[in-house]
Amino acid sequence: MAWLGVVPFLAFIVAFLLWPAASIVVRSFLDQQGRLTLQNIADLSQPFIVSSYIYTIELSAVTAAVGGLFGLLLAYAITVGGLPSWARAGLLGFSGVASNFAGIPLAFAFIATLGQLGLVTQWLKGMGVSLYPAFSLYSFWGLAITYVYFQIPLMVLIMAPALDAMRRDWREAAEGLGATGWQYWRFVGLPILLPAILGTMALLFGNAFGAHATAFALTGGGSQSSVVTILIGAQISSDALANPGLGNALALGMIVIMTITIGLYSWLQRLSERWK
Amino acid sequence: MKRASFWPWLWLALGAAYFIIPLAATMQFSLQAKRGTLGFTAYANIFRDGNFFSSFAFSFQTAMATILISVLLIVPTAYWVQLRLPQARRLIELLTLLPFVVPAVVLVFSLARTYNGTPLTNSREGLRVLLTGAYVVLSFPYMYRSVDTGLRAINVRALTEAAQILGAGWPTILLRVILPNVLLSVLSGAFITFAIVMGEFTIASLLAQPAFGPYISLLSSSKVYEPSALAVVSFALTWASIGLIQFLSRGTPGQGQMAGPR
């Protein structure tokens, strides 16, 4: 009887998330006549789909690694690094905002910075360095630089508490045994933090992998080599592949990759809690 | 605490440059609509545009509806799980986190495909229901986490029993006893939901809804400086929402979470 109390919530999430998602998963294995088939999954091996998945995975991995590494350095700077409290409060406050500042406005901010007419582009031109055409904001690296803007803050927000939780006595014990600062980090600090660092990077990977609006605003949604989310989006507005089954399989592929990513994240998260 | 050496300052300086330059560039871009001078022409143009207000109002109303439905679903559910159904906690928690596994574009794709041919996709009202429903789902991770944390900080059982002894029914208990005690949590969930809905592009545009996100995007195809002005407005909106949350929850550290409209 007590379960009756959660029925409204369950009904809502079934109607607006579970049922639609499950139906897409099931339909990935059905042909147009509703018979069981693996053809849609096999069709994913078409070169332009494979290259789109690879492109998206590379973009997500690069931005997770770069954003994760730099976010870690920033989190280190405001915690163990001993920067004054105004810097800590400022960076954490800003990160809270910036991790939510993405999509179309973020793309515009980078167009105003590194686009053809952007501030930095013009500024560099004045110094005799022309970014274009060697660099383009609408290319892989342009997207990567933009994505990192929402990756770093997320890393800072998650890693700062983890670094705060590093126990002082560990460091003192290491130093008492004659360890240098580098040795402490190499043999004590980093091994303890590693699951948390890798787990958060997995989260950043998923964060970039699911991104759509930012890439859409930068590439216009029509680029040949493009992220998977844009391919899926194009399936809604017009059945661009002229094959509904393939669209379902594309979405299934995203769900599978996201499930692996988030699973990895929660596994590493549990590992890192051993030390608490 | 030891004094910071050279390296932490260098990381902070690099970070500050990377974060501030794009904002400054957007700001400057938005102010140079009139050649050679800085001024608010781009902003004036936006505020003269009727579509600005209608799309803003559309998203604002959608945000309010989303928050209302999300609160009505999450507060009683989290309360009930705490009071009577602790064995369901893991399941409910897992369900609220699903939006991280199903990206917005896959969510809207599934909704559009699954309900294709029903009144939900055939009519203007139906599409708006789908849009709001999808936003409510997106709000779950934040709303549930915030409300659940709030509920854990109060003694739900004692409050409920005290209210029952005094003769209160369920609606009174929820509305006049529990809700006021977790109001701050509800508000912080509400503000983050507001920020997400106001900036959301993917779902709104793929459902062809006249929302604020698609409006900003559309404007960029015809205008040069106005989109930057809108980006500034949008950033200010996010800043205000998140700033309010941080103000309301002083003392509790910022929470990292995959967020919002990517």
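Cut-offs used in this document
Residues numbered from 1 in each chain as written. Chains lettered and ligands numbered in written order. Predicted model: local features only at pLDDT ≥ 70, side-chain atom pairs only at ≥ 80, totals over all residues. Helix = DSSP H or I, 4+ residues; strand = E, 2+ residues; numbered from the N terminus. Buried ≥ 20, exposed ≤ 12 C-beta atoms within 10 Å, placed from the backbone. Contact = placed C-beta atoms within 7 Å. Domains from an automatic or database assignment. Nonpolar A, V, L, I, M, F, W, Y, C, P; charged D, E, K, R; others polar. Core = buried A, V, L, I, M, F, W, Y, C linked by C-beta atoms within 7 Å. Axes fitted to C-alpha atoms, helices over the stretch in contact; angles between N-to-C directions. Parallel < 35°, antiparallel > 145°, perpendicular 65-115°, else oblique. Left-handed = near helix turned anticlockwise from the far one by under 90°. pLDDT = per-residue confidence, 0-100.

**Thoughts on the overall build of chain B**
Move 1: Across its full length, chain B holds 13 helices and 0 strands.
Move 2: Taken from N to C terminus, the helices and strands of chain B fall in the order α-α-α-α-α-α-α-α-α-α-α-α-α.
Move 3: In terms of overall dimensions, chain B has a C-alpha envelope of 75 × 65 × 35 Å along the principal axes.
Move 4: Counting the 262 residues in chain B, one finds 48% classified as buried.
Move 5: Looking at chain B alone, contacts between residues at least 24 apart form 76% of all its contacts between residues at least 6 apart.

**A look at the overall build of chain A**
Move 1: Along the backbone of chain A there are 12 helices and 0 strands.
Move 2: Listed by position from the N terminus, the elements making up chain A come as α-α-α-α-α-α-α-α-α-α-α-α.
Move 3: Oriented by its inertia axes, the alpha-carbon framework of chain A measures out at about 75 × 70 × 35 Å.
Move 4: Looking at chain A residue by residue over its 276 residues, the buried ones come to 45%.

**Considering the domain arrangement of chain A**
Residues and elements named next belong to chain A.
Move 1: For chain A, the assigned domains read domain 1 (1-37) and domain 2 (45-275).
Move 2: Between domain 1 and domain 2, the C-alpha centre-to-centre distance is 31 Å.
Move 3: Among the residues forming the side of domain 1 that touches domain 2, the class breakdown is 3 nonpolar, 2 polar and 2 charged.

**Notes on unusual backbone geometry**
Move 1: Residue Pro133 of chain A follows Tyr132 of chain A across a cis peptide bond; omega there is 5°.
Move 2: Mapped onto the elements, Pro133 of chain A comes out in the loop between helix H6 (119-126) and helix H7 (140-164).

**Considerations on the nonpolar core**
Move 1: Within the largest apolar cluster, 156 residues are counted, with the highest numbers of intra-cluster contacts made by Leu74 of chain A together with Val108 and Ala134 of chain B.
Move 2: Inspection of this core shows a minimum of three residues originating in each of domain 1 (1-37) and domain 2 (45-275) of chain A.
Move 3: Among all residues touching Ala134 of chain B, those that are not within four sequence positions of it are Phe16 of chain A together with Leu107, Val108, Leu111 and Ile203 of chain B.

**Some points on the interface of chain A and chain B**
Move 1: Each side of the interface is counted separately: chain A has 71 residues, and chain B has 72 residues.
Move 2: Looking at the side of chain A that touches chain B element by element, the count peaks at 11 residues for helix H1 (residues 7-27) of chain A.
Move 3: In terms of residue class, the side of chain A that touches chain B is built from 49 nonpolar, 22 polar and no charged.

**Comments concerning the packing of helix H3 (residues 47-78) of chain A against H7 of chain A**
Residues and elements named next belong to chain A.
Move 1: Viewed as axis vectors pointing N to C, H3 and H7 meet at an angle of 40°, and their least axial separation amounts to 6 Å. What the angle tells us is that H3 and H7 run oblique. Here H3 runs over H7; the crossing is right-handed.
Move 2: Looking at side-chain class alone, the contact of H3 with H7 contains 21 nonpolar, 5 polar and no charged residues.

**A short note on the environment of Asn181 of chain B**
Residue and element names in this part refer to chain B.
Move 1: Relative to the assigned elements, Asn181 resides in helix H9 (residues 170-181).
Move 2: Spatially, the C-alpha atoms of Asn181 and Ser241 are 21 Å apart, while their sequence positions differ by 60 residues.
Move 3: Excluding anything up to four places from it in sequence, Asn181 contacts Ile154 and Leu159.

**Notes on helix H12 (residues 212-219) of chain B**
Move 1: Most of H12 of chain B sits out of view: 7 of its 8 residues are buried.
Move 2: When we look at burial in H12 of chain B, the residues that qualify are Phe212, Gly213, Pro214, Tyr215, Ile216, Ser217 and Leu219 of chain B.
Move 3: Tucked into the core, H12 of chain B has its buried residues touching helix H5 (104-114) and helix H10 (213-219) of chain A together with helix H3 (50-83), helix H10 (183-199), helix H11 (202-206) and helix H13 (226-248) of chain B.

**Some points on the environment of Ile152 of chain A**
Move 1: Within the secondary structure, Ile152 of chain A sits in helix H7.
Move 2: If near-sequence neighbours (up to four positions away) are discounted, Ile152 of chain A is found in contact with Gly67, Phe70, Gly71 and Leu74 of chain A.

**Considerations on the confidence of the model for chain B**
Move 1: In the predicted model, chain B carries a mean pLDDT of 89, and 94% of its residues have values of at least 70.
Move 2: Scoring the predicted complex yields pTM 0.91 and, for the interface, ipTM 0.91.

**Structural notes on the environment of Leu85 of chain B**
Move 1: For Leu85 of chain B, the position within the fold is in the loop between H3 and helix H4 (89-97).
Move 2: The spacing of Leu85 of chain B and Ile69 of chain B is 16 residues in sequence and 22 Å in space, taken between C-alpha atoms.
Move 3: If sequence neighbours within four positions are ignored, Leu85 of chain B has contacts with Ala2, Trp3, Gly5 and Val6 of chain A together with Trp80 of chain B.

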